[in-house]
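What follows is each chain in one-letter form.
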Amino acid sequence: MTSSRVLPPIEDVAGHRLDFLLVADMVEPGSRVLDIGCGDGSLLALLRDRKGVDGRGIELSRDGVNACLAKGLPVIQGDADTDLADYPDDAFDYVILTQTIQATKQPKVVLEHLLRIGRRAIVSFPNFGHWSVRLDVVLRGRMPVTKNMPYSWYDTPNIHFCTIRDFVELCREVGAQMEKAVALDASGRPIRVTLPWWAWNLLGEQGVFLLKRR
Amino acid sequence: MTMSSATLPPEPRNQVDDPSSLVARFGASEPLLMDSGGSIGPWQIGYQTYGKLNADKSNAVLICHALTGDQHVANVSPLTGKPGWWSTMVGPGKPVDTNRFFVICANVIGGCMGTTGPASTNPATGQPYAVDFPVVTIRDMVRAQAALIDRLGIESLFCVIGGSMGGMQVLQWAVSYPDRVFAALPIAAAARHSAQNIAFHEVGRQAVMADPDWRGGRYLVEGTRPSKGLAVARMGAHITYLSEIALHRKFGRNYQDRSAPTFSFDADFQIESYLRYQGLSFVERFDANSYLYVTRAMDYFDLAAEHGGSLAKAFRGSKTRFCVISFTSDWLFPTSDSRAIVHALNAAAASVGFVEVESDKGHDAFLLDEPEMFAAAQGFIDAAARARGIA
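Small disclaimer: the values here were computed from a predicted structure and weren't measured.

Calculation rules
- Residues numbered from 1 in each chain as written.
- Chains lettered and ligands numbered in written order.
- Predicted model: local features only at pLDDT ≥ 70, side-chain atom pairs only at ≥ 80, totals over all residues.
- Helix = DSSP H or I, 4+ residues; strand = E, 2+ residues; numbered from the N terminus.
- Rg over C-alpha atoms; globule rule 2.2 N^0.38 Å.
- Buried ≥ 20, exposed ≤ 12 C-beta atoms within 10 Å, placed from the backbone.
- Contact = placed C-beta atoms within 7 Å.
- Axes fitted to C-alpha atoms, helices over the stretch in contact; angles between N-to-C directions.
- Parallel < 35°, antiparallel > 145°, perpendicular 65-115°, else oblique.
- Nonpolar A, V, L, I, M, F, W, Y, C, P; charged D, E, K, R; others polar.
- Pairing = 2+ DSSP bridges.
- Domains from an automatic or database assignment.
- Expected span 1.5 Å × (residues − 1).
- Arc of directions from axis to C-beta.
- Core = buried A, V, L, I, M, F, W, Y, C linked by C-beta atoms within 7 Å.
- pLDDT = per-residue confidence, 0-100.
- Right-handed = clockwise from strand over helix to strand, strands pointing away.

## A short note on the overall build of chain B
Within chain B, the regular secondary structure consists of twelve helices and twelve strands. For chain B, the C-alpha radius of gyration of 21 Å lies close to 21 Å, the compact-globule estimate for 391 residues. Principal-axis analysis of the C-alpha atoms gives chain B an extent of 65 × 50 × 40 Å. Relative to its full complement of 391 residues, chain B shows a buried share of 52%. Put simply, of all contacts in chain B between residues at least 6 apart along the chain, 71% involve residues at least 24 apart.

Quick look at the structure:
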């Protein structure tokens, strides 16, 4: 699990990341939220201040946890791969995992925990099916190193990259119902909903999914 | 160890009944009822305060001290002349800022620094209680502190903070008086004392009781001091407060004031000399029976036990904000103990932050200069103060 989110932040005028604003839109006001891999707590603070959310966080890095504590956010130092089992069923209305699932050792197990701990789960991840990634692999014959995925294959924390279609398949496998699915383009804006899956998978830089246990 | 019986170490008796600090005295009509079924009265609690209580009495912070600590958290110790034991954490501009907060620190029940304990005079006999003193629990300590807080006219505490045994008291406060604790900061603590820790304590107590000068606990009356036993207990305990790596860095296998071994049982190694010094200086400031009672209180501590074995139940419905801190090299109160607290708080849907500070200094790290700990504590306390509306 990585301590820093993978994508470069694209912000609105208030300094909020567009993908965070999109996630915030999916959350009902006043709900209980667990943000896994919450970084410096920007999303939790946004949810608290705009949505009146009672938020909790898990973060691997000490600097991140300290930044969260200083914002008054109850965040514990921990690891998605090992610590989610300790949370009781239905403890939260939403469990959020942004830009982290690709860095977990067992994405499927993590996703199953998300759906167990939360009534709903919100998952976002970089899309390995994006056309620029495909070009790198097919034409250059190299693992992609881009602005959005800045690591080389040997030092990346992102050990389980997937495409949007791969993730949709995983959702089916673990019995998750997709309530909302959005693909974001390179600027962090949603791609038109009328496009088919294959187009999302080609054009989306990241996918954001609102999931529910079936 | 060299210690002639002709020069008895000065028993800190002068601090027992009339300490160099504030004292709250409770009459025979206000006895302290204890978990053992016993009670004491009249009784007293020695304490210190720093800073000013604000108009709406919302800025009171209680510091809970560890096994051999005292109320002199941020002032020069009247016994040792050294700075307060947590003057890095508590003071003007420190994480517990005495310019903003009204800070209270009290000696625990069973202690020997001005709060009633085994060295105090038993009103029934006119002699020290010694082993007639009722066995003390962490909850008894907290009950006594609550009586002091009542006496000070404070309805609810802004924050309760402590390390090690102090952290046990913090947890007990949050469970016994959930409406009186706005924020809780247990550091290097546990919700129950482990079998290994009970074992270490028992070795220490046996060392004290094996000293013929302990006299069945009646040494104060008989004019002896179980100094050798208490020093050995302290030496053993002191090892548990450090880490193997810290010992190696500080002392290695270095010789003490010599270039070769003497082939004797003299203190050839620096670590031996250091431990002997720790033992000897301890007996000058601590009462042996207090050591027995306070270690016992830690042994009996099991917060879940009074809630059907479920720690989560103990915290259910808690509105307190918690921040738990542990240290990577602390093997006495390891991170797994802190994580157990965090998991229970999570299961109880309580508000909890948690940081494991990277340090190779062992359990003692909480008393030392650990910038990561200060940063976490400061962030948590400042955010909680904003939420409480403290200027």
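Following the structure, the description resumes.
## A few points about the overall build of chain A
Helix and strand content of chain A: eight helices and seven strands. Across its three principal directions, the C-alpha atoms of chain A cover 50 × 35 × 35 Å. For chain A, contacts bridging at least 24 residues in sequence account for 67% of all contacts bridging at least 6.

## Overview of the packing of helix α3 (residues 62–70) of chain A against helix α12 (residues 371–388) of chain B
Two elements in contact, α3(A) and α12(B), have axes whose closest approach is 7 Å; the angle formed by their N-to-C orientations is 25°. Here α3(A) lies roughly parallel to α12(B), going by the angle between them. Mapping the contact onto sequence places A:Arg62, A:Asn66, A:Leu69 and A:Ala70 in α3(A) and B:Glu372, B:Ala375, B:Ala376, B:Gly379, B:Phe380, B:Asp382 and B:Ala383 in α12(B). Within the contact of α3(A) with α12(B), the residues separate by chemical class into six nonpolar, two polar and three charged.

## Quick word on the pairing of strand β4 (residues 92–98) of chain A
Residue and element names in this part refer to chain A. Burial of β4 is extensive: six of the seven residues sit out of reach of the surface. Looking at chain direction, strand β1 (residues 32–36) and β4 are connected through four bridges and run parallel. In the sheet register, Ile36 faces β4, and the bridge partner there is Leu97. Pairing analysis gives six bridges linking β4 to strand β5 (residues 118–126), with the strands arranged parallel.

## Let's talk about the interface of chain B and chain A
Taken together, the contacts link 22 residues of chain B with 15 residues of chain A. Where the side of chain B that touches chain A is concerned, the elements lending two or more residues are β11 (321–327), α11 (335–347), β12 (351–357) and α12 of chain B. Ranked by residues supplied to the side of chain B that touches chain A, first place goes to α12(B) with nine residues. Residues of the side of chain B that touches chain A, tallied by class, amount to twelve nonpolar, five polar and five charged.

## Looking at the domain arrangement of chain B
A common measure of how large an interface is: the accessible area buried when the components associate. In terms of domain boundaries, chain B breaks down into domain 1 (18–193 + 306–388) and domain 2 (197–296). Residue composition of the side of domain 1 of chain B that touches domain 2 of chain B, by class: 14 nonpolar, ten polar and three charged.

## A closer look at α12(B)
Over its 18 residues, α12(B) extends 25 Å from the first C-alpha to the last, a length consistent with the 26 Å expected when each residue adds 1.5 Å. Every buried residue of α12(B) is accounted for by B:Met373, B:Ala376, B:Ala377, B:Gly379, B:Phe380, B:Ile381, B:Ala383, B:Ala384 and B:Ala385. Buried-residue contacts for α12(B) involve α3 of chain A together with β7 (96–97), β9 (157–163), β10 (181–187), β11 and β12 of chain B. Phi turns positive, to about 75°, at B:Gly389, one or two residues after α12(B).

## Digging into helix α4 (residues 195–210) of chain B
Residues lying three or four places apart along an α-helix face the same way, a consequence of the helix completing one turn every 3.6 residues. Residues and elements named next belong to chain B. The terminal C-alpha atoms of α4 lie 22 Å apart, and with 16 residues this matches the ideal 22 Å at 1.5 Å per residue to within 8%. Of the positions making up α4, those classed as buried are His201, Gly204, Ala207 and Val208. Seen along its axis, α4 keeps its buried residues to an arc of 115°; they face one direction. Counted as exposed and oriented over 90 degrees from the buried face of α4: Ala195, Gln196 and Ala199.

## Structural notes on the nonpolar core
All names here are of chain B. With 173 residues, the main nonpolar core has Val61, Leu157 and Cys159 as its most contacted residues. Among the elements that take part in this core, α12 stands out by supplying eight residues, more than any other. Two domains each put at least three residues into this core: domain 1 (18–193 + 306–388) and domain 2 (197–296). Ignoring sequence-local partners within four residues, the contact set of Leu157 consists of Ala60, Val61, Leu62, Ile149, Arg180, Val181 and Phe182.

## Here we look at unusual backbone geometry
Along the chain, B:Gly41 connects to B:Pro42 via a cis peptide bond; the corresponding omega equals 0°. Note that B:Pro42 resides in the loop between β3 (39–40) and β4 (43–50). The residue A:Asp90 is not glycine, and still its phi comes out positive at about 55°. Here A:Asp90 is to be found in the loop between α4 (80–83) and β4. Of the residues examined, A:Asp90 has 12 C-beta atoms within 10 Å and is grouped as exposed.

## Let's talk about the confidence of the model for chain A
Residue and element names in this part refer to chain A. Residue-level pLDDT values for chain A average 87, and 93% of them are 70 or greater. At the level of individual helices and strands, chain A shows its lowest average pLDDT in helix α8 (residues 197–203), which scores 81, and its highest in β1, which scores 96. Across residues 1–7 the pLDDT falls below 50, and counting only partners more than four positions away or on other chains, this stretch makes 29 contacts in the model.

## Brief notes about the pairing of β10(B)
All names here are of chain B. Taking burial as the measure, the seven residues of β10 include seven buried ones, the bulk of the element. Of the strand pairs in this sheet, β9 and β10 are connected by six bridges, and their pairing is parallel. If you follow Cys159 over to β10, its bridge partner there is Ala183. Following the chain from β9 across helix α3 (residues 165–176) to the adjacent parallel β10, one finds a crossover that is right-handed. Bridge count between β10 and β11: three bridges; the pairing is parallel. Looking across to β11, one finds that Ile187 is bridged to Ile325.

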